[in-house]
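Single-letter residue listing:
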Amino acid sequence: MVETVSPKPTACLALADGTVFYGHGFGATGRCVAELCFNTAMTGYQEIMTDPSYAGQVVTFTFPHIGNTGVTPEDDETADPVAAGMVVKWDPTLSSNWRATEELKSWLTRTGRIAIGGVDTRRLTRAIRQQGAPHVAMEHNPDGNFDLEALVAAARAWPGLEGMDLAKDVTCAQSYRWDEMRWAWPEGYSRQEEPKHKVVAIDYGAKRNILRCLASAGCDVTVLPATATSEEVLAHGPDGVFLSNGPGDPAATGAYAVPMIKEILDKTDLPVFGICLGHQMLALALGAKTTKMNHGHHGANHPVKEHGTGKVEITSMNHGFAVDAQTLPEGVEETHVSLFDGSNCGIRMTDRPVYSVQHHPEASPGPQDSFYLFERFAEAMAARKA
C-alpha cells in the first residue's frame, strides 16, 4: 500500500520574526509554542523526543530519514515524549526494523505530540545558527486553515527559556530505586544484583540510560525529586551523589538546587558527579555563572577535549545554556572543552572528587567514548570507603 500525501499543507511553523514554513502534519493535531532547536544526530530520534532535557523545545532533525526504524518502548528515555514537537525533511515512511513495535506517526498521535514534514530543514537550520534559537508556534490542522497572524503573535508572546524552571515539571513525584543496567545483546536489559556503592541521584529530568550506566558501574541507585533537601539525601546514607540532566534555565532551577548542593559539599566529603543541567547546578553551587547560548549544542557528533589527558572524545550533547569558564573560582578547574566553539564542557574541584561534564557520557543516542566517567565516579566512591 502506497501512502499518499495531500498537496495542500496541513501544518505550518511560524517563527517570531514572521517567517512561516508550510508542510505536512502528522502525529497529534493542535498547536504548540516553544523554542526551536536543531539536532544533528543520524539515529535515536525516539531517545531525543523522550529526553526530558527537551522540555519547552521543538526539535528540527537535520538528518532526513526520521521514522524509518519505528519506535519501541525499550528506547524510551522517559515514559512519554517530552519535546513539544518535531520538524523533519521527509514524511516518515513505514518502519522496517525487527525491534519496532509501533510506527512513529501513531506513537506521536497517541502521546499528543505535533510533527511537521516536508520542511526545508537546511534553510531552517541555517536560520537558527545565524539568528539564534527562535520562538515558534507550530500547528497541525488537517483542514489546512491557519490564522498566521495569531500563530506569529503566539510565538512572539512566548516568554522563552531564560528564567524558566522546567526541572520541577519533569522530575519524579516521589523517590524510587533503580537497578536496570545497560542494554546488551542478546539478553537486553539485565539487573544489577551485586551493587558495591549506594548512590543518590537527584532527578532534574534524568534519562533512563544515565541511571542504567550508574547501575552498570556497580551502583545501587535511589532517585530523589529535584526539590530534595540535603537532609533527605543524606538520610539514605549514600556513598556518592549524582546530579542529573534536565531542561530549562539553570539559574532558575538553582534557586532551590544550589543551596542543597552547597550543604552536601559543606557537610560531607562525598564524591559528587553531575551531567548536563547537573553540571550547571554544580558550577553555580561552586560560585560560577551560566549563560544562554546562541543556538546551543544538540547532536551526537560533538568533539570534546579532556585537558588532563589530551584525549578527544566524540560525544552526545543537548544543552542551550553553558557554564562560563571565566567565572570559575579558585579551587575549581576546567577539565573538558568543546572543540567546536571552545565552550566549557567539564569542571572539577582540585582537592576532592567533585566533578561534572556538560556532555552526555551515557549517549542514547550517540557514541560511548565517555563511559569512563561513570567508572571514575565508582572508583572515587571505592577510594573513599577504603
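Everything that follows concerns the structure shown earlier in this document.
A few points on the structure. These numbers were taken from a predicted model, which means no experiment stands behind them. (Residues numbered from 1 in each chain as written. Predicted model: local features only at pLDDT ≥ 70, side-chain atom pairs only at ≥ 80, totals over all residues. Heavy atoms only, no water.)

Points about the packing of aromatic side chains
Next up, step 1: One pass over the full model with this rule turns up 7 aromatic pairs.
Next up, step 2: A ring pair is formed by Y22 and F146, whose centres lie 6.4 Å apart and whose planes are at 55°; its orientation type is tilted. Taken together, the positions of Y22 in strand 2 (residues 20-27) and F146 in the loop between strand 7 (135-140) and helix 4 (148-157) put the pair 124 residues apart, joining distant regions of the chain.
Next up, step 3: Residue class for Y22 comes out partly exposed when judged on its relative accessible area of 41%.
Next up, step 4: Taking the relative accessible area as the measure of exposure, F146 reaches 17% and is therefore buried.
Next up, step 5: Judged by centre distance (6.0 Å) and plane angle (85°), the ring pair of W98 and W185 falls under edge-to-face. Placement of the pair is W98 in the loop between strand 5 (85-87) and helix 2 (104-111) and W185 in the loop between strand 8 (176-178) and strand 9 (197-203), with a sequence separation of 87 residues.
Next up, step 6: You can call W98 exposed: its relative accessible area is 66%.
Next up, step 7: Pairwise contacts between aromatic rings join F242, F273, Y355, F371, F374 and F377 into one cluster.
Next up, step 8: We note R99 situated over the ring of W183; from NZ or CZ to the ring centre the distance is 5.6 Å. (Phe/Tyr/Trp six-rings, centres within 6.5 Å; stacked < 30°, edge-to-face > 60°. Helix = DSSP H or I, 4+ residues; strand = E, 2+ residues; numbered from the N terminus. Buried < 20%, exposed > 50% of the residue type's maximum accessible area, 1.4 Å probe, protein only. Lys NZ or Arg CZ within 6 Å of the ring centre and 35° of its normal.)

A few points about unusual backbone geometry
The bulk of non-glycine residues show a negative phi, and the bulk of peptide bonds are trans.
Next up, step 1: Omega for the bond connecting W185 with P186 falls within 30 degrees of zero, at 0°, which places this linkage in the cis form.
Next up, step 2: Position of P186 among the secondary structure elements: in the loop between strand 8 and strand 9.
Next up, step 3: A cis amide bond links S364 with the next residue in sequence, P365, at an omega value of 0°.
Next up, step 4: With respect to the helices, strands and loops of the structure, P365 is situated in the loop between strand 17 (354-357) and helix 10 (372-385).
Next up, step 5: One non-glycine residue, A363, adopts positive backbone phi at about 60°.
Next up, step 6: In this structure, A363 sits in the loop between strand 17 and helix 10.
Next up, step 7: Accessibility expressed as a relative area gives 1% for A363, which makes it buried.

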